[in-house]
Amino acid sequence: MRIAVASGKGGTGKTTVAVNLAYLAAKSGRSVVYADCDVEEPNGHLFLKPTFAQELSIERLVPVVDRGRCTLCGRCSEICRFGAIACVGKSVLVFAELCHACGGCQLACPEDALREVPRAIGRLRLGSSDGVRFVDGVLNVGEAMSPPAIRAVKAALPADAGLVILDCPPGTSCPVIESVREADLVLLVTEPTPFGLCDLALAVEMIRALRLRFAVVVNRADAGDREVWQYCQRQGIAIMAEIPDDRAVAEAYSRGELAAAVVPSLAQRLDGLLVALETEWTSRERVVA
């Protein structure tokens with residue numbers, strides 16, 4: 001079962017839910033992998049505190065021009081939709097940060113004057129923490145595109161994991177779409193505020209466009225208004241868990257602690273969420289069978 005924990009906006013408690021779910025799953029004897037797909041600002045390691053056993057370079061292919069063969073015909077520049085390669089005067093300029101590694105310029109070149117070489121864009125880290133297998137990616141500062149690094153994180157997931165928890169970036173843009181692809185269920189973490197509802201609606205629209213199964217977790221559920229519940233009722237969206245606003249959880253978070261390890265009420269609610277997720281998965285398996 002692959003669970004993507006996402007949110008329409010930052011600060012809803014997405015990482016809190018993801019890391020504590022992973023911790024409780026491992027504590028109960030489940031085989032679990034936590035993957036931090038928020039490669040621009042990963043922070044799951046601050047709470048799970050894994051021991052890293054391996055660190056690898058994340059690379060992306062970018063074109064290099066053979067100036068001896070290039071005739072400056074401009075076909076490579078014409079084919080590139082992203083402005084990553086340009087013919088300027090008697091030179092061909094490659095803007096590696098904009099390249100999507102599609103290979104179109106190489107295929108279009110009539111003189112075979114382009115070849116692709118790997119370029120490091122970040123680091124992939126693999127480790128473990130008290131029974132939780134841990135994978136995350138760290139994008140290099142200044143890199144414009146995170147989806148290639150997110151794909152590297154997902155490619156490194158162990159094939160034998162019983163439960164995979166993907167901690168996704170916030171928002172509804174390309175990094176989130178790349179993170180939730182192929183998830184069995186997306187948990188959208190929201191908060192009962194006007195901003196939370198607005199961005200939840202955007203996230204729901206995105207997930208429905210991707211034709212993925214999803215449900216909602218309402219964090220700080222006893223604060224704000226009831227608009228989120230009314231919206232979910234109108235849209236026929238299941239709310240799988242409600243987490244109250246608890247100062248003890250915030251204090252644990254500020255200390256870099258796993259809140260489920262020190263706040264029994266949170267552990268109880270997230271244990272219930274794990275059971276609900278497994279029930280959802282089991283019922284889906286029965287339907288598929």
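Read on for an overview of the structure.

Parameters at a glance
- Residues numbered from 1 in each chain as written.
- Predicted model: local features only at pLDDT ≥ 70, side-chain atom pairs only at ≥ 80, totals over all residues.
- Heavy atoms only, no water.
- Axes fitted to C-alpha atoms, helices over the stretch in contact; angles between N-to-C directions.
- Helix = DSSP H or I, 4+ residues; strand = E, 2+ residues; numbered from the N terminus.
- Parallel < 35°, antiparallel > 145°, perpendicular 65-115°, else oblique.
- Left-handed = near helix turned anticlockwise from the far one by under 90°.
- Contact = heavy atoms within 4.5 Å.
- Nonpolar A, V, L, I, M, F, W, Y, C, P; charged D, E, K, R; others polar.
- Core = buried A, V, L, I, M, F, W, Y, C linked by side-chain atoms within 4.5 Å.
- Buried < 20%, exposed > 50% of the residue type's maximum accessible area, 1.4 Å probe, protein only.
- Patch = residues over 30% accessible without salt bridge, like charges linked within 9 Å, V, L, I, M, F, W, Y side chains within 5 Å.
- Areas by Shrake-Rupley, 256 points an atom, 1.4 Å probe, with all protein chains shown as cover.
- Salt bridge = Lys/Arg side-chain N within 4 Å of Asp/Glu carboxyl O.

Moving on to the packing of helix α7 (residues 194-209) against helix α8 (residues 227-235). Here α7 crosses α8 at 25°, and the two axes come no closer than 10 Å. Taken together, the axes of α7 and α8 are roughly parallel relative to one another. The crossing of α7 and α8 is right-handed. Note on element contacts: α8 touches α7 through E227, V228, Y231, C232 and Q235, opposite L197, L200, A201, V204 and R208. Partitioned by chemical class, the residues of the contact of α7 with α8 number seven nonpolar, one polar and two charged.

With that out of the way, let us pick up the nonpolar core. Within the largest apolar cluster, 42 residues are counted, with the highest numbers of intra-cluster contacts made by V135, L166, V180, V186, L188, L200 and I207. Here this core takes six residues from α7, the largest share from any one element. For L200, the residues in contact, after removing those within four places along its chain, are L188, T190, V216, V228, Y231 and C232. Counting 39 residues, the second largest nonpolar core, distinct from the first, contains L21, F134, L258 and L266.

Taken together, V88, L93, F95 and L98 make up a surface patch of nonpolar side chains, about 310 Å² in accessible area. Here F95 shows up in the loop between β5 (91-94) and α4 (104-108).

These values are about where atoms sit, not about what they do.
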